[in-house]
Amino acid sequence: MLKLNFKSSLIISLFFIIGILTSLYKGYGDDLDSHSLILSFITAYENGIYAPSRFYGSPFAELFYGYIGYNFGSFLGSFLSYCFFLFSIILIFSSYSKNKLNQKDLFLFILICFSNPVLYFDNTNPSDFPLSLFLFSTGLFSFKKNHKIYSIIFFALAMATRANFALLIIIFLFFEIFRNK
């Protein structure tokens, strides 16, 4: 378990302040996915007709971000996407750290990920990718901790959020099968 000292707490607080400021600034973001997800939810909610946001649809993301956007506005969706990205980084790192979680390595890993503007700004848009990445990384973490049922649920939700993650999940499972044999 992580034991936080003052410096670590300060850095975590800084990350959340940056997330709040970014979320206030970005709103729904510069990605048309956010609008498509919300419009899909609104069409289903108000008219009872499901019109997918893409040709294959993203039902879980449409319900999640559509509900958030419809009821709470852009800030909460953007901030949740930011948090999903941050927690995804932490979960992925935690899944592959050997024994004890090294705080310095974790903070360095987070800084490297956040220093890439494409990763940072694309994952602060309230769209299906940050949510799916979070669900995938939670499934990955559950799988590594031998909670197979939970990992199946999170992997299924990741695919229901963004179908592209099906290939990533299959590759990960094959990797684990061949690595363990």
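Just above, that's the structure.
The rules we used
- Residues numbered from 1 in each chain as written.
- Predicted model: local features only at pLDDT ≥ 70, side-chain atom pairs only at ≥ 80, totals over all residues.
- Heavy atoms only, no water.
- Core = buried A, V, L, I, M, F, W, Y, C linked by side-chain atoms within 4.5 Å.
- Buried < 20%, exposed > 50% of the residue type's maximum accessible area, 1.4 Å probe, protein only.
- Helix = DSSP H or I, 4+ residues; strand = E, 2+ residues; numbered from the N terminus.
- Contact = heavy atoms within 4.5 Å.
- Expected span 1.5 Å × (residues − 1).
- Arc of directions from axis to C-beta.
- Polar contact = N/O pair within 3.5 Å; in protein donor to acceptor, adjacent residues only side chain to side chain.

1. Digging into the nonpolar core
With 31 residues, the main nonpolar core has Tyr82, Ile110, Phe114 and Phe136 as its most contacted residues. Among the secondary structure elements, those contributing two or more residues to this core are helix H3 (59-72), helix H4 (74-96), helix H5 (103-115), helix H7 (128-144), helix H8 (148-161) and helix H9 (165-180). Excluding anything up to four places from it in sequence, Phe136 contacts Phe155, Ala158, Phe165, Leu168, Ile169 and Phe172.

2. Regarding H3
Taking 1.5 Å of rise per residue, the 14 residues of H3 would be expected to cover 20 Å, and the 19 Å separating its terminal C-alpha atoms lies within 8% of that figure. For H3, the complete set of buried residues consists of Ala61, Glu62, Tyr65, Gly66, Ile68 and Gly69. One side of H3 holds all its buried residues, which, seen down the axis, span an arc of 165°. For H3, the exposed residues set more than 90 degrees away from the buried face come down to Leu63 and Phe72. Contacts from the buried residues of H3 go to helix H2 (32-47), H4, H7 and H8. Note on H3: the residue one or two positions beyond its end, Gly73, has a positive phi of about 90°.

3. A few points about the side chain of Arg162
Along the chain, Arg162 turns up in the loop between H8 and H9. For Arg162, a relative accessible area of 17% translates into the label buried. Side-chain polar atoms of Arg162 contact the side chain of Asp128, separated by 2.8 Å. When sequence neighbours within four positions are dropped, the list of residues in contact with Arg162 reads Asp33, Arg54, Asp128, Phe129 and Ser132.

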